[in-house]
Amino acid sequence: MQAWLARVVVVLCLMPGVVGLAPAVALENGVARTPPMGWNSWNKFACAGINEKVVRETADQMASNGMKEAGYQYVVIDDCWQVGRDKIGNIVADPDKFPAGMKATADYVHGKGLKFGIYTDAGTMTCAKRPGSIGHEYQDAQQYANWGVDYLKEDWCNTLPGQSSEASYTLMRDALAATGRPIVFSLCEWGSTKPWIWAGPVGNLWRSTGDILDCWSCKKDWGGEGVSQILDHMNGLEGFAGPGHWNDPDMLEVGNGGMTKVEYRTHFSMWAMFSAPLLAGNDVSHMSADTREILLNREVIAVDQDSLGMQGRRVRKTGDSEVWSKQLANGGRAVALVNRGAAAAKITAMWEDVGYPSTLAAAVRDLWAAKDEGRRTASYSAEVPSHGVILVTVLP
Ligand code: GLA
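Residues numbered from 1 in each chain as written. Predicted model: local features only at pLDDT ≥ 70, side-chain atom pairs only at ≥ 80, totals over all residues. Heavy atoms only, no water.

## Topic: the sheet that holds strand 10 (residues 278–280)
Logical step 1: What the eight strands build is an open sheet, ordered 9-8-7-6-5-2-1-10; its pairing is parallel. Edge positions in the sheet fall to strand 9 (246–248) and strand 10, since each has one partner strand and no second. Shown here is a sheet whose adjacent strand axes are inclined to one another by a mean of 25°, direction ignored. (Pairing = 2+ DSSP bridges. Helix = DSSP H or I, 4+ residues; strand = E, 2+ residues; numbered from the N terminus. Axes fitted to C-alpha atoms, helices over the stretch in contact; angles between N-to-C directions.)

Listed below in C-alpha cells is the structure:
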C-alpha cells in the first residue's frame, strides 16, 4: 500500500462512526500497560492525616524498603490537598498541609525514582468538599503537568444533575492529552454508570465498585463494602480489562488492621487475580512483618503484572468454595482456591475448569508457600482455611 493511502486508512480507522470499522477499545496513552502499582493516601490517612511530611516519608520508605524494586511506583495524594482557586482560577494547594507546594513535593518523589499522583473531582467539589475541576479541566490538567504529575484520579462527588460521566471523563482525558505529558488517568465513579462498558478508550483504570472497607464482609448504605462483597462484583467484568485499561476494585487495605493475616492474603491474592491496580493503602513507614510479607510477595505480584493482562474469572462455585482462574502469558494459569465459609474446607480445581484436558500432567506451584507441588494430572486439591486462599500456578 502506498504511504498516503495507508495514512488515509489509519485516519478513517480512528474516526468514530466509520461503518464497519471497530472503535478503539483502550486508551492508547502509552502508560499502565500492566496494572498500575503504588500507594494512595486515602485508606489510611484520609482527609485529616495527609500532608507533605507523610508523602515524603512514604516516598523515602518505598524507595528503601523493597517496594520500589517490587514494582510499586506511583505515590498518589488523594482528597484534601487543595483549598481553593486564585483570582485567575488556578487550583491552590493547602499551604498548611503542603508548605513547599505541589511542584516541590512532586520533585521530591521523582528524586526517589518514583512517580507522583494527585486527585480531583469531576463535579463542583470533591467528596471532602474541596474545589472540583468542572469548568477548569484544561487549566487543571496543565497545572498538574507543570507540577510533574504522572497519575490523576478523578472522583465523582458533587456532580451536576444530569452530568454525563462519559462526557466529563472524556473531557479530562482530552485535557490531559493536550498537555503532552503521559499521565495515568484513573476514573472513580464507583461503577455507578458501568464504566467498563464505555471507559476503555477514556481511562487507564476505572473503579468498578464502591469504596472498599477494611473488613472481610461488611456493607454500608453509601456503598462501602468489604473484600468478600467486592469479589462478587468483579465476577463477570473480566472481558473488559486489558493492557492500558483495567477494572479497579479500589485501593488495598492490607496492613490497616481490620482483617486477619489470612484475609489480607486473600484480598491481595484476588486483586492479583483480577489484574487490579495494586495501590497500597497503609502506613508504609510503620509496616508489620506480616504486611511486608504480603505486599512484597514477588510471585503474587507477578500474577497481577502478567503481560497478557487477562483478568481472572470464577470457574466454579460450590457454596462457599470457589475456584478462580487467570490465564497467563506463558500458557499457564494462576488458580485461586477461595474459601468464603466459616470453617476450613478442601477445595479442588479441575483442569477442565481452567481450560486444560483432564489427561494433562501440569506443574503446580504454591505461591504463598513458595513450594513446587510437582506434576498433577486432572486436578489439584488443597485444604483452605476459613476466609483463606491457596494460590497456585499451573503450567503444562
Ligand atoms: C470517594 C472515593 C475514595 C476517596 C474519597 C475522597 O469516596 O471513592 O476513593 O477518593 O472519595 O474523599
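## Here we look at the environment of Pro131
Logical step 1: Topologically, Pro131 is positioned in the loop between strand 5 (115–121) and helix 6 (137–147).
Logical step 2: Along the chain, Pro131 and Ala272 lie 141 residues apart, while their C-alpha atoms are 34 Å from each other.
Logical step 3: The residues contacting Pro131, other than those within four sequence positions of it, are Gln82, Val83, Gly84, Arg85, Ile91, Thr124, Met125 and Thr126. (Contact = heavy atoms within 4.5 Å.)

## Some remarks on the site of the ligand
Logical step 1: Trp42, Asp78, Asp79, Tyr119, Cys127, Ala128, Lys153, Asp155, Cys188, Trp190, Arg207 and Asp211 make up every residue found near the ligand.
Logical step 2: A distance of 2.8 Å is found between an oxygen atom of the ligand and a side-chain nitrogen or oxygen belonging to Lys153.
Logical step 3: Trp190 is positioned with one of its side-chain polar atoms (N or O) 2.9 Å from an oxygen atom of the ligand.
Logical step 4: Protein burial of the ligand: of its 310 Å² of free accessible surface, 93% is covered by the chains.
Logical step 5: In terms of residue class, the shell around the ligand is made up of six nonpolar, no polar and six charged. (Near = heavy atom within 4 Å. Polar contact = N/O pair within 3.5 Å; in protein donor to acceptor, adjacent residues only side chain to side chain. Areas by Shrake-Rupley, 256 points an atom, 1.4 Å probe, with all protein chains shown as cover. Nonpolar A, V, L, I, M, F, W, Y, C, P; charged D, E, K, R; others polar.)

## Topic: the packing of helix 3 (residues 52–64) against helix 5 (residues 101–111)
Logical step 1: Put simply, helix 3 and helix 5 touch, their axes get as near as 9 Å, and they point 15° apart. Taken together, the axes of helix 3 and helix 5 are roughly parallel relative to one another. Remark: the crossing between helix 3 and helix 5 carries right-handed chirality. Residue-level contacts link Glu52, Val55, Arg56, Ala59 and Asp60 of helix 3 to Gly101, Ala104, Thr105, Tyr108 and Val109 of helix 5.
Logical step 2: For the contact of helix 3 with helix 5, the residue count by class is five nonpolar, two polar and three charged. (Parallel < 35°, antiparallel > 145°, perpendicular 65-115°, else oblique. Left-handed = near helix turned anticlockwise from the far one by under 90°.)

## Side note on the nonpolar core
Across soluble globular proteins, nonpolar side chains have a tendency to be buried as a group.
Logical step 1: Core analysis: the biggest nonpolar cluster contains 81 residues, and Tyr72, Trp81, Phe268 and Trp271 have the highest contact counts within it.
Logical step 2: Considering each element in turn, this core owes the most residues, six residues, to helix 10 (residues 261–273).
Logical step 3: Other than its neighbours up to four places away in sequence, Phe268 contacts Tyr72, Leu252, Val254, Leu278, Ile294, Leu295, Val300, Ile301 and Trp368.
Logical step 4: In this structure, Ile347, Trp351, Val364 and Val392 belong to the second largest nonpolar core, which totals 16 residues. (Core = buried A, V, L, I, M, F, W, Y, C linked by side-chain atoms within 4.5 Å. Buried < 20%, exposed > 50% of the residue type's maximum accessible area, 1.4 Å probe, protein only.)

## Details of the pairing of strand 13 (residues 333–339)
Logical step 1: Summarising burial for strand 13: seven of the seven residues are buried, a large majority.
Logical step 2: Residues Arg333, Val335, Leu337 and Asn339 of strand 13 are buried on one face, and the alternating residues Ala334, Ala336 and Val338, pointing to the opposite face, are buried as well.
Logical step 3: Here strand 12 (residues 321–327) runs beside strand 13; their pairing, made up of seven bridges, is antiparallel. Bridge assignment links Glu322 to a residue of strand 13, and that residue is Val338.

## Regarding helix 5
Logical step 1: Within helix 5, the full set of buried residues consists of Gly101, Met102, Thr105, Ala106 and Val109.
Logical step 2: As for helix 5, its buried residues are in contact with helix 3, strand 2 (74–76), strand 4 (91–93), strand 5 and helix 6.

## Quick word on helix 7 (residues 165–179)
Logical step 1: Taking 1.5 Å of rise per residue, 15 residues should cover 21 Å, and helix 7 covers 22 Å from first to last C-alpha, within 8% of that figure.
Logical step 2: Ser165, Ser168, Tyr169, Met172, Ala175, Leu176 and Thr179 are the residues of helix 7 that are buried. For helix 7, the arc enclosing every buried residue in end-on projection is 115°, short of the 170-degree limit, so these residues lie on one face. In helix 7, the exposed positions that point more than 90 degrees away from the buried face belong to Ala177 and Ala178.
Logical step 3: Residues of helix 7 that are buried in the fold lie against strand 5, helix 6, strand 6 (151–155), strand 7 (184–188) and helix 8 (195–198).
Logical step 4: Where helix 7 terminates, the next one or two residues include Gly180, which has phi positive at roughly 80°. (Expected span 1.5 Å × (residues − 1). Arc of directions from axis to C-beta.)

## Observations regarding the side chain of Asn40
Logical step 1: Within the element layout of this structure, Asn40 appears in strand 1 (residues 37–40).
Logical step 2: Take Asn40: its relative accessible area is 2%, and that puts it in the buried class.
Logical step 3: Not counting chain neighbours up to four residues away, the residues in contact with Asn40 comprise Val76, Asp78, Lys153, Met251, Leu279, Ala280 and Gly281.

## Topic: the packing of aromatic side chains
Logical step 1: Applying the stated criterion across every chain, the model contains nine aromatic pairs.
Logical step 2: Both rings, one in Trp39 and one in Phe45, keep their centres 6.1 Å apart while their planes meet at 65°; by these two values the pair is edge-to-face.
Logical step 3: Residue classification places Trp39 among the buried residues on the basis of a relative accessible area of 0%.
Logical step 4: Arranged with centres 6.2 Å apart and planes meeting at 55°, the rings of Tyr169 and Phe185 form a pair that is tilted. Pair noted here: Tyr169 is in helix 7 and Phe185 is in strand 7, with a separation of 16 residues, a long-range link.
Logical step 5: Look at Tyr169 and you get buried, because its relative accessible area is 0%.
Logical step 6: With a relative accessible area of 1%, Phe185 lands in the buried category.
Logical step 7: By way of ring pairs, the aromatic residues Trp156, Tyr169, Phe185 and Trp198 are connected into one cluster. (Phe/Tyr/Trp six-rings, centres within 6.5 Å; stacked < 30°, edge-to-face > 60°.)

In short, the description is geometric, and any link to function would need to be established separately.
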